[in-house]
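Here's the letter readout for the chains.
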Amino acid sequence: MATDASARFGLTLTGWAFASGSSRKVAARLITRAPLDGRGDAPFVDIVDEADRVITGARFEEITIDPPLGQSPRRMHFPDEAMFETEDHEGFRALTGITRGDLLSEYETFRPRLVAVIAALVLCGWVLWRYGLDLMVTAAIALTPAGLLGYMDQGTLQTIDLTMADDTALDEDDRVRVAEIFSTLLAELPPSEINGRDFKLLFRDMERIGPNAFAMPGGTIVMTDQFVEKFPQDDVLAGVLGHEIGHVVEAHGLRQTYRSLGMYFLIGFLAGDTGPIIDEILLEGNLLLSLQFSRKHEAAADQFGVKLASDAGFDPAGLQLFFREIAEGGLTPPEWLSTHPASDERVEQIEGYIEALD
């Protein structure tokens, strides 16, 4: 917004100047006047030294003005590359008028209203995190191509194999038996729940991890040798595998991934430019290994696993039996992607899911 034209003529600002091609700083004054040819409403700007010698001059519209930066001197650059700077902010504004940069500088100045601006920004951020993040997560999940899920699984599996897993040592008969249970469960899934995912069951010898099973977003489910050895019952295996399939179908892993990456990743993802985030975090599997499911996700996976096992012809109490043995035996529960251990409360919740099947 420009000031009144007549008010811009006859202004004088004190400051310093650098002549064209010189790095020598000299005391100078800026003087505005009407153009000699009378053309236009903008003033002609002269820069003179202390002896009133003209250092440079130009029409105002030919001058480049730096945006304000706090209380730093204001600067203007002339066509011949000479520069003038002044600490007379009010006089400078009288010449240039209020610009967008001036408004930003005003907001940055510490005043009570700055506190209000900061509070408003914090409130907006909280509202976005509290109510908008889930919407963005849902949109991001819908836009995630199936091929990307496969790469995420592959990266996570490579990290596991390099750091904590050995090739399975299970007997072939055991592997075939568990794989048949897994296939029987998958056969009960409607096409809408498979949704392009590449479900597959892998076995790994993970002595340090112990009896465990965990799912990846693309449909890869890993079960440790130690789990099959400790819990060989078909109904228990069906219940736990159904639980992990539930995590995949409900996209719990992907949801937690996007939430963990936060709003920056989501906005970048929806804009189509994830940059190095995908390559360095997702595809290398480091983030997926550190995720924790929420209690809500764990409960949903328990309920899903109970129903899926029942639909496939297994005793739905298998999952309940597993958690009861974990709780009573003092073993470390499968907390690979979990926020809470097996407990009496969880066993009771599963009892409710089983009763609801009747």
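Residues numbered from 1 in each chain as written. Predicted model: local features only at pLDDT ≥ 70, side-chain atom pairs only at ≥ 80, totals over all residues. Heavy atoms only, no water.

Novice: Can you lay out a negative patch on the surface for me, pointing to particular residues and giving the numbers?
Specialist: A contiguous patch of negative charge, built from E328, D344, E345, E348, E351, E355 and D358, is present on the exposed surface. The biggest single contributor to the negative patch is helix α14 (residues 344-356), with five residues. Since its relative accessible area comes to 32%, E351 is described here as partly exposed. (Patch = residues over 30% accessible without salt bridge, like charges linked within 9 Å, V, L, I, M, F, W, Y side chains within 5 Å. Areas by Shrake-Rupley, 256 points an atom, 1.4 Å probe, with all protein chains shown as cover. Salt bridge = Lys/Arg side-chain N within 4 Å of Asp/Glu carboxyl O. Lys, Arg positive; Asp, Glu negative; His and termini not counted. Charge placed at Lys NZ, Arg CZ, Asp CG, Glu CD. Helix = DSSP H or I, 4+ residues; strand = E, 2+ residues; numbered from the N terminus. Buried < 20%, exposed > 50% of the residue type's maximum accessible area, 1.4 Å probe, protein only.)

Novice: Can you explain the layout of surface pockets? Please cite residues and give values.
Specialist: Looking at the largest pocket, its volume works out to about 220 Å³. At the level of secondary structure, the elements contributing two or more residues to the lining of the largest pocket comprise α9 (252-270) and α12 (295-311). The greatest single-element share of the lining of the largest pocket, amounting to four residues, is contributed by α9. Across the lining of the largest pocket, the residue classes tally to one nonpolar, four polar and five charged. (1 Å grid on protein atoms, 1.4 Å probe; cavity = no way out; pocket = protein on both sides within 12 Å on 5 of 7 lines; lining within 4 Å. Points joined across faces, edges and corners; volume = space filled by probe spheres on them. Nonpolar A, V, L, I, M, F, W, Y, C, P; charged D, E, K, R; others polar.)

Novice: Outline the confidence of the model for the protein, listing residues and values.
Specialist: Detailed conclusions should not be drawn from predicted coordinates in areas where pLDDT is low. Per-residue confidence for the protein gives a mean pLDDT of 80, with 76% of residues at or over 70. Every residue in residues 280-286 is under pLDDT 50, and counting partners more than four places away or in other chains gives 25 contacts. Considering only residues more than four positions removed or in separate chains, one finds that residues 335-341, a stretch of pLDDT under 50, has 29 contacts. (pLDDT = per-residue confidence, 0-100. Contact = heavy atoms within 4.5 Å.)

Novice: Let's hear about the side chain of R74: which residues, and what values?
Specialist: Relative to the helices and strands, R74 resides in strand β6 (residues 74-77). Side-chain polar atoms of R74 contact the backbone oxygen of D66, separated by 3.1 Å. (Polar contact = N/O pair within 3.5 Å; in protein donor to acceptor, adjacent residues only side chain to side chain.)

Novice: Tell me about the packing of helix α8 (residues 234-249) against α12, and name the residues and values.
Specialist: Look at α8 against α12: their axes get within 7 Å of each other, and the N-to-C directions meet at 125°. The pairing of α8 with α12 is recorded here as oblique in orientation. Considering only the axes of α8 and α12, their crossing is right-handed. Residue-level inspection shows A238, G239, G242, H243, I245, G246, H247 and V249 of α8 in contact with α12, the latter providing H297, E298, A301, D302, F304, G305, L308 and A309. (Axes fitted to C-alpha atoms, helices over the stretch in contact; angles between N-to-C directions. Parallel < 35°, antiparallel > 145°, perpendicular 65-115°, else oblique. Left-handed = near helix turned anticlockwise from the far one by under 90°.)

Novice: Lay out the sheet that holds strand β2 (residues 25-33) with the relevant residues and their values.
Specialist: Across the sheet, which stays open at both edges, the seven strands sit in the order β4-β3-β2-β1-β7-β6-β5 with antiparallel pairing between neighbours. If you trace the sheet from one side to the other, it starts and ends with β4 (54-59) and β5 (64-65), each paired once. As paired strands, strand β3 (residues 44-49) and β4 are joined by five bridges and run antiparallel to one another. Looking at the pairing, V48 lines up with V54 of β4. Where helix α1 (residues 89-96) meets the sheet, it contacts β1 (12-18), β2, β5, β6 and β7 (83-86), and its direction lies at approximately 40° from that of β6. (Pairing = 2+ DSSP bridges.)

Novice: Got a sec to walk through the pairing of β2? Specific residues and values, please.
Specialist: Along β2, the buried face is formed by V26, A28, L30 and T32; none of K25, A27, R29, I31 and R33, which line the opposite face, is buried. Both β1 and β2 contribute to a ladder of seven bridges, which runs antiparallel. By the bridge assignment for β2, G15 is matched with A28. From the end of β1 to the start of β2, which pair antiparallel, there are six residues, and G21 there has a positive phi angle of about 75°. When β2 meets β3, the two strands line up antiparallel, connected through six bridges. Within β3, the residue paired with I31 across the bridge is D46.

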